[in-house]
Amino acid sequence: MSQNSIPDFFVYGEPARPLDVGFLHVETVPARGSIHLGQVAAHKHPQMGQITYWTSGSGTYRIEDRSWDFSAPAVSFVPSNVVHGFSIGPGTDAIVVSVADDALAALAAQSLLPLDRPVFTDSLPQHAAWQRLAAVLEMIAAEYAEAQAGNDKTLPALIAVALSHIARRAPAIVAAPPSSDASLAFGLRRLVDAHFRDNWSVDRYVVSLATTPHLLDKASRAVLGAGVKRTVSERRLLEAKRLLLFTVRTVEDIAYEIGFDDPAYFSRFFRERVGEAPAAWRRRQLEAH
């Protein structure tokens with residue numbers, strides 16, 4: 001990894017990789033202590049947001065160009081592709097909940113917290129709201145560790161509750177203002193989520209965001225890791241995977257659902273990006289689960 005670039009990680013210290021649909025991961029900060037030694041350099045996570053709830057100790061937390069000296073309890077939410085890092089002292093611990101963007105999108109309607117901007121707060125530690133947030137995060141950690149049947153339903157619900165508890169700290173939350181690139185890219189992501197089925201042209205996204213093709217593509221590449229066209233394609237692919245995995249709809253029906261007029265063209269689109277036909281991918285995923 002070049003020292004002139006900001007690294008993309010899966011979880012800290014592991015190279016970025018494609019995420020399974022609905023991916024969730026929960027661990028503590030000390031679990032990777034042998035890698036970071038209390039100094040987590042600036043990095044970002046493609047296609048994955050993170051809640052970090054500090055349960056003990058103190059340190060400095062950084063989001064983009066802002067930093068906060070904190071003492072537990074403290075909490076942050078960082079969307080995908082937002083640069084962050086921290087330095088902590090001995091005995092400092094936190095629960096880190098990582099959630100794929102597609103799973104976060106599915107939770108948006110149940111969460112009081114806007115999911116396109118980073119937030120951080122550690123104020124009023126005596127407030128009873130911290131106890132409620134701690135209880136929810138501890139339940140999330142326990143559900144994940146025990147891997148009991150049905151946690152694919154309980155974990156997303158608990159994460160939505162945790163995000164809403166973070167939102168209720170809103171008067172004390174200091175939101176890191178996104179850069180102009182970040183604001184533009186997050187706006188693009190919202191529009192793509194709403195219109196990827198509609199075959200919008202790049203120009204239509206440009207006009208809707210009151211920008212230029214160059215600035216929009218630049219922001220999309222810098223923040224989302226891909227240009228506008230690829231960002232739309234990846235969103236359509238994600239929706240196709242979700243429908244293949246979680247519904248019994250036919251491949252043809254799914255093709256029409258995500259905006260393809262020709263199911264055969266959809267199958268070629270899917271195969272080029274995944275390496276196998278939609279029906280074959282569905283069978284393999286269902287057998288694996």
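Refer to the structure presented above.
Before going into details, it helps to say that this report is about the structure given with it.

What counts and how
Residues numbered from 1 in each chain as written. Predicted model: local features only at pLDDT ≥ 70, side-chain atom pairs only at ≥ 80, totals over all residues. Heavy atoms only, no water. Buried < 20%, exposed > 50% of the residue type's maximum accessible area, 1.4 Å probe, protein only. Helix = DSSP H or I, 4+ residues; strand = E, 2+ residues; numbered from the N terminus. Pairing = 2+ DSSP bridges. Salt bridge = Lys/Arg side-chain N within 4 Å of Asp/Glu carboxyl O. Axes fitted to C-alpha atoms, helices over the stretch in contact; angles between N-to-C directions. Parallel < 35°, antiparallel > 145°, perpendicular 65-115°, else oblique. Left-handed = near helix turned anticlockwise from the far one by under 90°. Contact = heavy atoms within 4.5 Å.

Bringing the pairing of strand β7 (residues 84-88) into the picture now. Most of β7 sits inside the fold, with five of its five residues counted as buried. The alternating pattern of β7 places H84, F86 and I88 and G85 and S87 on opposite faces, both of which are buried. By the bridge criterion, three bridges tie strand β2 (residues 39-43) to β7 in an arrangement that is antiparallel. Bridge assignment links H43 to a residue of β7, and that residue is H84.

A few words now on the pattern of salt bridges. Counted under the stated rule, the structure contains 13 salt bridges. Salt-bridge contacts for E27 lead to R32; the nearest nitrogen and oxygen are separated by 2.6 Å. An identical accessibility class is assigned to E27 and R32; each is buried. In the salt-bridge network here, residues are joined through shared partners; they are D193, R197, R235, E239, R249, D253 and E257.

Between helix α8 (residues 228-246) and helix α11 (residues 278-288), whose axes approach to 9 Å, the crossing angle comes to 55°. Taken together, the axes of α8 and α11 are oblique relative to one another. Taken as a pair, α8 and α11 cross one another with a handedness that is right-handed. Residue-level inspection shows K241, L243, L244 and L245 of α8 in contact with α11, the latter providing P278, W281, R282, Q285 and L286.

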